[in-house]
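Listed below are the residues making up each chain.
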Amino acid sequence: MVTDPNTNYTSPAGKDFTFAAARFAGINPSSRVLDMGCGYGEGACNLASEFRCKITACDISKENLDLARETAEKRNVSHLISLEQADLIKSDYSKNPYDLIIAEGGVLSFISRRKGLSMASSWLVPRGWLAFSDLIMLSDNVPDEIRAIFEDETYHYETESSYRNLISELGMEIHFMCLVPVSGWDNYYAHMARRLEDNKGFFSDRRIKLAFHREIDVFYRLKGFRYVGYLFCVARKRT
Ligand SMILES: C[S@@+](CC[C@H](N)C(=O)[O-])C[C@H]1O[C@@H](n2cnc3c(N)ncnc32)[C@H](O)[C@@H]1O
């Protein structure tokens, strides 16, 4: 069921989840938010439109930041969002810490979950909030054909239980955790299917098109949704 046909998130957890994170953190116009791996800026624009807070939105990709800038201008929130091209692994945002950090769409897995969580924690004010969404494995017995789509020698995913342990080990307490409903995946793949029509930019590459077609096929035809899930978590720094 596609519930948000116009979504511009490149991940299954969309606007509802970004809003939930901001509600937990009590975000208001005096709050400061960092969006790690902002992609097309959908999360940052939603937060700025709804809560009028100040947001630093960073991403390694200039192409994504250009699209984020266009969206922010179209939605009249560009004055609230500072877009920065940055490789998170080499960044340090600890000088002026944030009330809320969002890391949506598996960016923690891209940069290493342990490192990403511990960097985020060091960039938060005391008792600050982190909200992230990421792919997890729902079972230890994932059929090879499905596992091969999501994991390779670089990418291995957590389970809910191992993620919980990691968060706790890194000095954060979980306030809310859930799996994104199937409609979140439907919204995401509907968006991806639209992007696969692109004839310029990231999605114009034949290999990217093929990889996404395979993933969508495995997710629905081989019932990949029984084995992989999208975890959404709101955690708070202990001290
Ligand atoms: C799957 S997208 C999610 C985008 C967005 N947060 C969303 O949910 O729609 C992951 C984003 O992380 C960015 N990214 C990956 N590695 C990064 C790094 N080392 N530093 C900064 N951004 C990175 C990618 O360019 C991409 O835009």
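Relevant structure appears above.
Criteria and cut-off values
- Here, residues in each chain are numbered from 1, in the same order as that chain's written sequence.
- Per-residue local features of the predicted model are confined to residues with pLDDT of at least 70, and side-chain atom pairs are confined, for both listing and counting, to 80 or more; whole-chain, interface and lining totals are unaffected and use all residues.
- The side-chain quantities take in all heavy atoms of the structure and omit both hydrogens and water.
- The criterion for strand pairing is that DSSP finds at least two bridges linking the strands in question.
- Only runs of H or I of at least four residues qualify as helices and only runs of E of at least two qualify as strands under DSSP, and these elements are numbered from the N terminus.
- Working convention: axes come from line fits to C-alpha atoms, limited for helices to the stretch in contact. Angles between N-to-C directions cover 0 to 180 degrees.
- It only takes one pair of heavy atoms within 4.5 Å for two residues to be counted as in contact.
- Any angle that is under 35 degrees is reported as roughly parallel, and any over 145 degrees as roughly antiparallel; angles of 65 to 115 degrees are reported as roughly perpendicular and all others as oblique.
- Crossing handedness: left-handed means the near helix sits turned counterclockwise from the far one by under a right angle, and right-handed means the same turn made clockwise.
- Gly is placed with the polar residues, together with every amino acid not listed as nonpolar (Ala, Val, Leu, Ile, Met, Phe, Trp, Tyr, Cys and Pro) or charged (Asp, Glu, Lys and Arg).
- The nonpolar core is taken to be a set of buried Ala, Val, Leu, Ile, Met, Phe, Trp, Tyr and Cys residues, with the residues joined through side-chain atoms within 4.5 Å.
- Burial status follows relative accessibility: with a 1.4 Å probe on protein chains alone, a residue under 20% of its type maximum counts as buried, one over 50% as exposed, and anything between as partly exposed.
- Classification of ring pairs rests on two measures: the distance between centres of Phe, Tyr or Trp rings, Trp counted by its six-membered ring, which must be within 6.5 Å, and the angle between planes, read as stacked under 30 degrees, edge-to-face over 60 and tilted in between.

Draft legend 1. Examining the sheet that holds strand S1 (residues 32-36) more closely. In spatial order, the strands read S3-S2-S1-S4-S5-S7-S6; together these seven strands make up an open sheet with mixed pairing. Across the chains shown, the open sheet's two edge strands, defined by having one partner strand only, are strand S3 (81-85) and strand S6 (172-179). Mean inter-strand twist for the sheet, computed between neighbouring axes without regard to direction, equals 15°. Where helix H2 (residues 42-51) meets the sheet, it contacts S1, strand S2 (54-59), S3 and strand S4 (98-103), and its direction lies at approximately 175° from that of S2.

Draft legend 2. Layout of the packing of helix H1 (residues 15-25) against H2. Packing of H1 against H2 brings their axes to within 10 Å, and their N-to-C directions diverge by 55°. Classified by the angle their axes make, H1 and H2 are oblique. Here H1 and H2 pass one another in a crossing that is right-handed. Between H1, through Lys15, Thr18, Phe19, Ala22 and Arg23, and H2, the contact on the second element is made entirely by Gly43, Asn46, Leu47, Glu50 and Phe51. Taken together, the residues of the contact of H1 with H2 sort by class into four nonpolar, three polar and three charged.

Draft legend 3. View of the nonpolar core. By size, the foremost hydrophobic cluster in this structure holds 48 residues, and its most contacted members are Ile27, Leu47, Ile55, Ile81, Leu100, Trp185 and Tyr189. Aside from chain neighbours lying at most four places away, what touches Leu100 is Ala21, Ala22, Ala25, Ile27, Arg32, Val33, Leu34, Leu124, Trp129, Leu130 and Ala131.

Draft legend 4. Representation of the packing of aromatic side chains in the model. If you walk through the whole model with that rule in mind, you get 19 aromatic pairs. An aromatic cluster of three or more residues is present, and its members are Trp185, Tyr188, Tyr189, Phe219, Tyr220, Phe225 and Tyr230.

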